Every structure is written in structure tokens, then in C-alpha cells.
Amino acid sequence: MKAVTFTFAPATPADAQERALDAIREWAEVERAGRVKPETKNPFLRRLGYAYVKDEDDAEKVARRLAALPEVASADVPPARTLAAK
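Residues numbered from 1 in each chain as written. Predicted model: local features only at pLDDT ≥ 70, side-chain atom pairs only at ≥ 80, totals over all residues. Heavy atoms only, no water.

Notes on the overall build of the protein chain
Helix and strand content of the protein chain: 3 helices and 4 strands. Reading the protein chain from its N end, one meets helices and strands in the order β-α-β-α-β-α-β. Relative to its length of 86 residues, the protein chain is compact, with a C-alpha radius of gyration of 13 Å against a globular reference of 12 Å. Structurally, the protein chain occupies a C-alpha span of about 45 × 30 × 20 Å along its principal axes. Here the protein chain holds 86 residues, and the buried ones make up 35% of them. Long-range contacts, defined here as pairs at least 24 residues apart, represent 62% of the contacts in the protein chain between residues at least 6 apart. As presented, the protein chain carries roughly 5700 Å² of accessible surface, and 52% of it is formed by carbon and sulfur atoms. Averaging the positions of the 15 positive and the 14 negative side-chain charges in the protein chain gives two centres separated by 6 Å. (Helix = DSSP H or I, 4+ residues; strand = E, 2+ residues; numbered from the N terminus. Rg over C-alpha atoms; globule rule 2.2 N^0.38 Å. Buried < 20%, exposed > 50% of the residue type's maximum accessible area, 1.4 Å probe, protein only. Contact = heavy atoms within 4.5 Å. Areas by Shrake-Rupley, 256 points an atom, 1.4 Å probe, with all protein chains shown as cover. Lys, Arg positive; Asp, Glu negative; His and termini not counted. Charge placed at Lys NZ, Arg CZ, Asp CG, Glu CD.)

Written out as C-alpha cells, the structure reads:
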């Protein structure tokens, strides 16, 4: 499973963010979606979200689809993590 991260636009109200998350969770390519820090009081951290994509090959497509939503300011597929050789 591959993660796609996204940020809601600053002007997007909390209820619109929740509706968007509900819709994203219904996408066929998405295993689950939510907020990175759901309990935080920090408004910036509250805007950060993730979507776990069922098939890695769909990650870029999901990121583009997220970025196209009016509630979303940006979406990215983080680079793969690797251990650095010493």
C-alpha cells in the first residue's frame, strides 16, 4: 500500500473537510483516508491528510485527483523511503 499526502486549503471549513474525507474514502483506489493528526489543536496540522492507495500504480492518479478537489491545496506521493548505506 502506498500513501498519498495532501493538505486542505486554509479557507476550507472543517465540515467541508470532513465531507471531502468521506468522499475520498469511497474512491475505489483508496483503502483508507484520514487526518494525519486528528486530535491536534494546531490549525495547520489539522489540515494535513493522507490516503492509502490499494495499488501503488494508482498513487499518482489519486494524487492528481486529490489536487483537483476545490477543498485541497496540494497533494503528493512522498518518495520511497530507503536506508542510506554507510
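We are not done yet, so read on.
Things to note about the side chain of Gln17
Within the fold, Gln17 resides in helix α1 (residues 14-25). On the accessibility criterion, Gln17 (5% relative accessible area) is buried. Side chain to side chain, Gln17 and Arg35 meet in a polar contact 2.7 Å long. Not counting residues within four places of it along the chain, the set of residues in contact with Gln17 comprises Phe8, Thr12, Arg35, Arg46 and Arg47. (Polar contact = N/O pair within 3.5 Å; in protein donor to acceptor, adjacent residues only side chain to side chain.)

So, the sheet that holds strand β4 (residues 72-76)
If you walk across this open sheet you meet the 4 strands as β2-β3-β1-β4, and the pairing is antiparallel. Only two strands of the sheet have a single neighbouring strand rather than two, namely β2 (30-35) and β4. Within the sheet, the average angular offset between the axes of one strand and its neighbour, ignoring direction, is 20°. Relative to strand β3 (residues 48-53), strand β1 (residues 2-8) is paired through 6 bridges, and the arrangement is antiparallel. Across the sheet, Phe6 pairs through a bridge with Gly49, a residue of β3. Against the sheet, α1 touches β1, β2 and β3, its axis set at about 165° to β2. (Pairing = 2+ DSSP bridges. Axes fitted to C-alpha atoms, helices over the stretch in contact; angles between N-to-C directions.)

Notes on helix α3 (residues 59-68)
Where α3 is concerned, the buried positions are Ala59, Val62, Ala63 and Leu66. One side of α3 carries all its buried residues, which in axial view fall inside an arc of 100°. Within α3, the exposed residues directed more than 90 degrees away from the buried face are Arg64 and Ala68. Against β1, α1, β2, β3 and β4 lie the buried residues of α3. (Arc of directions from axis to C-beta.)

Examining the environment of Asp55
As for its placement among the helices and strands, Asp55 is situated in the loop between β3 and α3. Distance from Asp55 to Val30, taken between C-alpha atoms, is 8.5 Å for residues 25 residues apart in sequence. Within the structure, Asp55 has its side chain in polar contact with the backbone nitrogen of Asp57 (distance 3.0 Å).

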